[in-house]
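# Summary of structural features
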Amino acid sequence: MNLSNKVYDVIKQIALVWIPAIETLYSALCGIWGLPLGIVGTLAAVDAFLGAVLKISSINYNKQQKGNDNHGDNTK
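Residues numbered from 1 in each chain as written. Predicted model: local features only at pLDDT ≥ 70, side-chain atom pairs only at ≥ 80, totals over all residues. Heavy atoms only, no water.

Two elements in contact, helix H1 (residues 5-33) and helix H2 (residues 38-69), have axes whose closest approach is 10 Å; the angle formed by their N-to-C orientations is 160°. Comparing the axis directions of H1 and H2 gives the class roughly antiparallel. Between H1 and H2 lies a crossing whose hand is left-handed. Here H1 contributes Tyr8, Ile11, Lys12, Ile14, Ala15, Ile19, Pro20, Ile22, Glu23, Tyr26 and Ser27 to the contact with H2, which in turn contributes Ile39, Val40, Leu43, Ala44, Val46, Asp47, Leu50, Leu54, Ser57 and Ser58. Partitioning the contact of H1 with H2 into residue classes produces 15 nonpolar, three polar and three charged. (Axes fitted to C-alpha atoms, helices over the stretch in contact; angles between N-to-C directions. Helix = DSSP H or I, 4+ residues; strand = E, 2+ residues; numbered from the N terminus. Parallel < 35°, antiparallel > 145°, perpendicular 65-115°, else oblique. Left-handed = near helix turned anticlockwise from the far one by under 90°. Contact = heavy atoms within 4.5 Å. Nonpolar A, V, L, I, M, F, W, Y, C, P; charged D, E, K, R; others polar.)

Turning our attention to the side chain of Glu23. Turning to its location among the elements, Glu23 is positioned in helix H1. Buried charge without a partner: Glu23 forms no salt bridge, and the closest opposite charge is Lys12, 17 Å away. Non-local contacts of Glu23, meaning those with residues more than four positions away in its chain, are made with Val40, Leu43, Ala44 and Asp47. (Buried < 20%, exposed > 50% of the residue type's maximum accessible area, 1.4 Å probe, protein only. Lys, Arg positive; Asp, Glu negative; His and termini not counted. Salt bridge = Lys/Arg side-chain N within 4 Å of Asp/Glu carboxyl O.)

Here we take up H2. Here H2 contains 32 residues, and its C-alpha end-to-end distance of 47 Å stays within 8% of the 46 Å for a straight helix at 1.5 Å per residue. All buried positions along H2 are accounted for by Val40, Leu43, Asp47, Leu50, Val53, Leu54 and Ser57. The secondary structure elements touched by the buried residues of H2 are H1. (Expected span 1.5 Å × (residues − 1).)

Judged by nonpolar contacts, Ile11, Ala15, Ile19, Leu43, Leu50 and Leu54 together constitute the single largest core of six residues. Of all the secondary-structure elements, those providing two or more residues to this core are H1 and H2. (Core = buried A, V, L, I, M, F, W, Y, C linked by side-chain atoms within 4.5 Å.)

Once that is clear, we can look at a nonpolar patch on the surface. A surface patch of nonpolar side chains, amounting to about 560 Å² of accessible area, comprises Val10, Ile14, Leu16, Val17, Trp18 and Ile22. Along the polypeptide, Val17 turns up in helix H1. A relative accessible area of 38% places Val17 in the partly exposed class. (Patch = residues over 30% accessible without salt bridge, like charges linked within 9 Å, V, L, I, M, F, W, Y side chains within 5 Å. Areas by Shrake-Rupley, 256 points an atom, 1.4 Å probe, with all protein chains shown as cover.)

These results come straight from atomic positions and should not be treated as a statement about function.
Here is the structure:
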């Protein structure tokens, strides 16, 4: 799985900033307003999935870059 740089950056921003921020806010409001906590678990699961997608994409990208380095000029 290879993601474009733009898609990777957007997913990374969502996974590292927005979902954890929403989880924290919602979790805090649950205690105040008596909202159901199931949404927090759902957000955590989605965030874990996005983290796995990003890791797989990063591994594939690094393998591809390493492969490209091996096909370069060997006169160094």
